[in-house]
Amino acid sequence: MDGRTIQLYGRIILRGDIRALSGLHIGTSKDTVGIGEVDLPVIRDAYRRPYVPGSSLKGKMRSQWEKLKGVQQNQQIGRVEGKEVWIHACEDLACPVCTIYGVTGDFAKDAPTRLAVRDVPLKPESLEGTTAILYSEVKWEVAIDRVTSAASPRQMERVPAGAVFSPMELVFSVYKAADRARFGDVLTGLQLVADDYLGGQGSRGSGKVAFEDLSVTLKTGDEYREETHPSFSHKSLEELIAARAELLKWIEEHIAVNGGA
Ligand SMILES: [Zn+2]
């Protein structure tokens, strides 16, 4: 059997907060509803608090990035609230989508997925003093059956506007020299989500979010030492994107990659 060497040159860690600017509905994959439950509940963690699954944020960044790059969505990976979810996947080693966001096991890659996104817990104090019960509000909406045109009212649970989820943590691993510049694409991915929406029902006004109080940290070298830079700490997404060239230069100077692209 052939062995292979994967060299980790360093990691770029982006931390910050997610603030809901409108009600946020991140649903669950369950399709049965118990008595006394709303029709479309939000996903909750083991402490019964709503949270933002890392897979939801990463999946949304990916789908927005796929649309920006105009790549074919060729793999069905499941269903969310009855809707099929399709993603793009390919074997191109330079693919701007698969390199950062990964592929399913059917496709071979020379290095692991670059981006990992952690689950983001709710900061309960962000909803203190509001009328939210169990950190959520219930919104009535009318669903129209596309075949019969029958209208059926249903209840959708949302985390109210003003909720803050923290800490958000995105970890980007550098395996190739070219990966360092690809971190800029992660910032673009967040901007695409901020301009679209997170979770479900975005076309009905849910899911507008802002990424706030962002800090970029590097871990690199034999000691895997953490490095920070005041220019890239406690910034808004817009400020980081405005400083993109300077930020990528700092990353290139600090994460040394020996040979090859
Ligand atoms: Zn691809």
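Residues numbered from 1 in each chain as written. Predicted model: local features only at pLDDT ≥ 70, side-chain atom pairs only at ≥ 80, totals over all residues. Heavy atoms only, no water.

**Observations concerning the environment of Ala163**
Put simply, the rule is: Where helices and strands are cited, they refer to DSSP runs of H or I of at least four residues and of E of at least two residues respectively, numbered from the N terminus. By definition, residues are in contact when any of their heavy atoms lie within 4.5 Å.
Among the structural elements, Ala163 can be located in the loop between β8 (151-158) and β9 (164-174). Sequence separation of Ala163 and Pro112 is 51 residues, and the distance between their C-alpha atoms is 34 Å. In this structure Ala163 touches Ile18, Arg19, Ala20, Leu122, Ser126 and Leu127, once residues within four positions along its chain are discounted.

**Points about helix α3 (residues 179-195)**
Defined as follows: An expected span of 1.5 Å times one less than the residue number is assigned to each helix. The classification of residues rests on relative accessible area computed with a 1.4 Å probe and restricted to protein chains. Under 20% of the type maximum is buried, over 50% is exposed, and intermediate values are partly exposed.
Its 17 residues place the ends of α3 25 Å apart at the C-alpha level, agreeing with the 24 Å of an ideal helix rising 1.5 Å per residue. With 14 of its 17 residues buried, α3 lies for the most part within the structure.

**Focus on the packing of helix α1 (residues 54-69) against α3**
What counts here: Axis angles are defined between N-to-C directions and span 0 to 180 degrees, where every axis is a line fitted to C-alpha atoms and, for a helix, only to the segment in contact. An angle below 35 degrees is treated as roughly parallel, one above 145 as roughly antiparallel, one from 65 to 115 as roughly perpendicular, and anything else as oblique. Amino acids are sorted into nonpolar (Ala, Val, Leu, Ile, Met, Phe, Trp, Tyr, Cys and Pro), charged (Asp, Glu, Lys and Arg) and polar (every other residue, Gly among them).
The N-to-C vectors of α1 and α3 enclose an angle of 95°; their axes lie 9 Å apart at closest approach. On the basis of their axis angle, the class for α1 and α3 is roughly perpendicular. Side by side, α1 and α3 meet where Leu57, Lys60, Met61, Gln64, Trp65 and Leu68 of the first sit next to Asp185, Val186, Thr188, Gly189, Leu190, Leu192 and Val193 of the second. Considering only residue class, the contact of α1 with α3 consists of eight nonpolar, three polar and two charged.

**Focus on the coordination of the zinc ion**
Rules: Water is not among the atoms examined, so metal sites may look incomplete; donors are the N, O and S atoms within 2.8 Å of the metal, or within 3.2 Å for Na, K and Ca. The geometry test gives tetrahedral to four donors whose angles all lie between 85 and 135 degrees, gives square planar to four donors and octahedral to six donors whose opposite members are over 155 degrees apart with all other angles between 65 and 115, and gives irregular to the rest.
Protein coordination of the zinc ion is provided by His88 (NE2), Cys90 (SG), Cys95 (SG) and Cys98 (SG), with donor distances spanning 2.1 to 2.3 Å. Taken together, the four donor atoms coordinating the zinc ion span angles of 104 to 116° at the metal, a pattern that classifies the geometry as tetrahedral. Donor residues for the zinc ion sit on one chain with the sequence pattern H-x1-C-x4-C-x2-C. We note that Cys95, like Cys98, is buried.

**A word on unusual backbone geometry**
A cis amide bond, omega -5°, links Ser166 with the succeeding residue Pro167. Looking at the secondary structure, you find Pro167 in strand β9. We note that Tyr135 has phi near 65°; this positive angle belongs to a residue other than glycine. Its location among the elements puts Tyr135 in the loop between β6 (120-121) and β7 (137-144). A residue is classified by how much of its surface remains accessible, and Tyr135, at 23% relative accessible area, is partly exposed.

**Observations concerning the side chain of Lys58**
By the element assignment, Lys58 lies in helix α1. Dropping the residues within four chain positions of it, Lys58 is found in contact with Tyr101, Thr113, Leu115 and Val117.

**A closer look at the packing of aromatic side chains**
Note the cut-off: Classification of ring pairs uses Phe, Tyr and Trp, with its six-membered ring standing for Trp, and accepts pairs whose centres are within 6.5 Å; under 30 degrees between planes counts as stacked, over 60 as edge-to-face, and the remaining range as tilted. Whether a charge sits over a ring depends on NZ of Lys or CZ of Arg being within 6 Å of the ring centre and within 35 degrees of the ring normal.
Under the criterion given, the structure shown has two aromatic pairs. Ring centres of Phe172 and Phe183 lie 5.9 Å apart, and the angle between their planes is 70°; on these two criteria the pair is classed as edge-to-face. Of this pair, Phe172 sits in strand β9 while Phe183 sits in helix α3; the two residues are 11 residues apart in sequence, bridging distant segments of the chain. Residue classification places Phe172 among the buried positions, given a relative accessible area of 0%. Judged by relative accessible area, Phe183 falls into the buried class, the value being 0%. Judged by centre distance (5.2 Å) and plane angle (35°), the ring pair of Phe232 and Trp250 falls under tilted. Within this pair, whereas Phe232 is found in the loop between β11 (225-228) and α4 (237-242), its partner Trp250 is found in helix α5 (residues 244-254), the two being separated by 18 residues in sequence. Neither Phe232 nor Trp250 differs from the other in exposure class; each is buried. The lysine or arginine in question, Lys60, covers the ring of Tyr197, its NZ or CZ lying 3.8 Å from the ring centre.

All quantities given are derived from atomic positions and should not be read as evidence of function.
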